Amino acid sequence: MDLTAVREVVDGRSAVPWRQGDAWLAGGTALFAEPRPALRRLRDLMTLGWPALTVTETGIEVAATCTITELLIFAETPDAPWPTGRALIAGCCRAFSSSFKVWNPATVGGNLCAALPAGPMISMAVALSGTCRLRGPDATERLVPAREFITGNGATVLRPGELLRSLTLPAGALAARSVMRRVATQAWGRSVALVTGARSGPEERLTLTVTAATTRPVSVSFPCPPSPGELRSGLLSALPHPLLLDDVHGWPTWRRHLALQLGEEVRRTLAGER
Ligand SMILES: Cc1cc2nc3c(=O)[nH]c(=O)nc-3n(C[C@H](O)[C@H](O)[C@H](O)COP(=O)(O)OP(=O)(O)OC[C@H]3O[C@@H](n4cnc5c(N)ncnc54)[C@H](O)[C@@H]3O)c2cc1C
């Protein structure tokens, strides 16, 4: 779709001050998907040349401009470190309701910043205890846990002119036992519920995170694998009606039902019951 009100596209490195009507442009696959009459100027992040992935012993720094394709190629590289974390990353990349045509330009940062409930990079970032590095217009940086970055449907903690520089996934979470389950109404359809689980830390706590069914990520943590009843009541109290997504793809009560079903599958898998 043409963004007919946009008058200018500037290099992301431009020093021109941020003003109302500006927006960061990454792959453009969400930005150009609907009319945006308030936008006047795009600031192109893809000119910044950030390395897509920086892998060290302490974890992975994923640049905001890393594309879904680049991340998926890393995740599916045989013999790369952290097979369990990479399997979850690959599953989340493949959870996009789209083909490689969208994966090629779409970025990890664009997915987080668009903050759509079915954002699979959001699911991945929260499941793997990610930290978002944000950079303000005066170049000051702040760190925000991924679980706090999304505040609602299409809403984040980003301030005007602030950008997401990168997402860091720590080695501990990448090495933990983790699993994801999702439901979509079609093979390449948008997720209506996506649940991840991970067992990490010295106590092997079990943390489940629900996305897609909710307007923002919802995590519930248990000190040890809960019984089916404990899991159900923990999830039910974490998923009050106002947090459930209500749109053409599914009613809130159905989404909660799916989250409970997927949560139980995740529990059984990580508890070693099958
Ligand atoms: C066929 C199709 C299927 C899709 N399926 C899905 C899906 O299943 N789930 C889903 O969540 N989305 C989906 N999308 C939407 C979109 O493709 C993804 O959300 C994608 O990851 C957005 O990334 P992008 O780089 O294209 O972002 P852009 O469109 O460039 O930007 C998206 C938003 O984020 C802002 N932004 C981008 N990068 C930054 C940054 N580093 N710092 C601050 N702000 C930034 C932009 O200003 C804009 O508001 C789909 C789109 C299409 C066309």
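Residues numbered from 1 in each chain as written. Predicted model: local features only at pLDDT ≥ 70, side-chain atom pairs only at ≥ 80, totals over all residues. Heavy atoms only, no water.

Caption draft 1: How the structure looks around the sheet that holds strand β11 (residues 177-184). Read across the open sheet, the four strands follow the order β11-β12-β13-β14; overall the sheet is antiparallel. Two strands close off the open sheet at either side, each with one partner strand: β11 and β14 (218-222). On average, each strand axis in the sheet is tilted by 15° relative to the strand beside it, whichever way the strands run. Note that β11 and strand β12 (residues 191-200) share eight bridges and pair antiparallel. Across the sheet, residue V179 finds its bridge partner in β12, namely G197. Together, β11 and β12 form the strand contacts of helix α2 (residues 83-93), whose direction differs from that of β11 by roughly 15°. Packing against the sheet, helix α9 (residues 252-270) makes contact with β11, β12 and β13 (205-211), and its axis sits at approximately 30° to β12. (Pairing = 2+ DSSP bridges. Helix = DSSP H or I, 4+ residues; strand = E, 2+ residues; numbered from the N terminus. Axes fitted to C-alpha atoms, helices over the stretch in contact; angles between N-to-C directions. Contact = heavy atoms within 4.5 Å.)

Caption draft 2: Structural view of the packing of helix α8 (residues 228-238) against α9. Taken N-terminus to C-terminus, the directions of α8 and α9 make an angle of 140°; their axes are 10 Å apart at the nearest point. Between α8 and α9, the angle falls in the class oblique. Two packed elements cross with a definite hand, and for α8 against α9 that hand is right-handed. Within the contact between the two elements, α8 uses P228, L231, R232, L235 and L236 and α9 uses R256, A259, L260, G263, E264 and R267. Looking at side-chain class alone, the contact of α8 with α9 contains six nonpolar, one polar and four charged residues. (Parallel < 35°, antiparallel > 145°, perpendicular 65-115°, else oblique. Left-handed = near helix turned anticlockwise from the far one by under 90°. Nonpolar A, V, L, I, M, F, W, Y, C, P; charged D, E, K, R; others polar.)

Caption draft 3: Just the pattern of salt bridges, in detail. Under the definition given, this model contains 18 salt bridges. Two residues, E76 and R94, come together in a salt bridge whose shortest N-O distance is 3.0 Å. Placement of the pair is E76 in the loop between α1 (68-75) and α2 and R94 in the loop between α2 and α3 (100-103), with a sequence separation of 18 residues. In this structure, E148 and R147 form a salt bridge, with 3.9 Å as the shortest nitrogen-oxygen distance. By relative accessible area, which is 42% here, E148 ends up partly exposed. Taken together, the shared-partner salt bridges in this structure form one network comprising E8, R19, D22, R41 and R43. (Salt bridge = Lys/Arg side-chain N within 4 Å of Asp/Glu carboxyl O. Buried < 20%, exposed > 50% of the residue type's maximum accessible area, 1.4 Å probe, protein only.)

Caption draft 4: Region of the structure containing the pairing of strand β4 (residues 53-56). Across four bridges, the pairing between β4 and strand β5 (residues 59-63) is antiparallel. Bridged to L53 within β5 is V62. In this structure, the hairpin formed by β4 and β5 is closed by a connection of two residues.

Caption draft 5: Just unusual backbone geometry, in detail. A positive phi angle is found at D79, which is not glycine, with a value near 70°. For D79, a relative accessible area of 79% puts it in the exposed group. Phi is positive for S129, which is not a glycine, with a value near 50°. Structurally, S129 can be placed in the loop between α5 (120-127) and β6 (131-135).

Caption draft 6: Here's a closer look at the site of the ligand. In the neighbourhood of the ligand, 28 residues make up the surrounding shell, with W24, G27, T29, L31 and T107 lying closest. A distance of 2.8 Å separates an oxygen atom of the ligand from a polar atom in the backbone of G27. Between the ligand and G28, the relevant distance is 2.8 Å, taken from an oxygen atom to a main-chain nitrogen or oxygen of the residue. Surface burial for the ligand is 85%, taken as the share of its 970 Å² of free accessible area covered by protein chains. With respect to the pocket detection grid, the ligand is positioned in the largest pocket. (Near = heavy atom within 4 Å. Polar contact = N/O pair within 3.5 Å; in protein donor to acceptor, adjacent residues only side chain to side chain. Areas by Shrake-Rupley, 256 points an atom, 1.4 Å probe, with all protein chains shown as cover. 1 Å grid on protein atoms, 1.4 Å probe; cavity = no way out; pocket = protein on both sides within 12 Å on 5 of 7 lines; lining within 4 Å. Sits in = over half its atoms within 2 Å of the grid points.)

Caption draft 7: Here's a closer look at the domain arrangement of the chain. Split by domain assignment, the chain resolves into domain 1 (8-41), domain 2 (53-172) and domain 3 (177-270). Its C-alpha centre places domain 1 at a distance of 34 Å from the equivalent point of domain 3. (Domains from an automatic or database assignment.)

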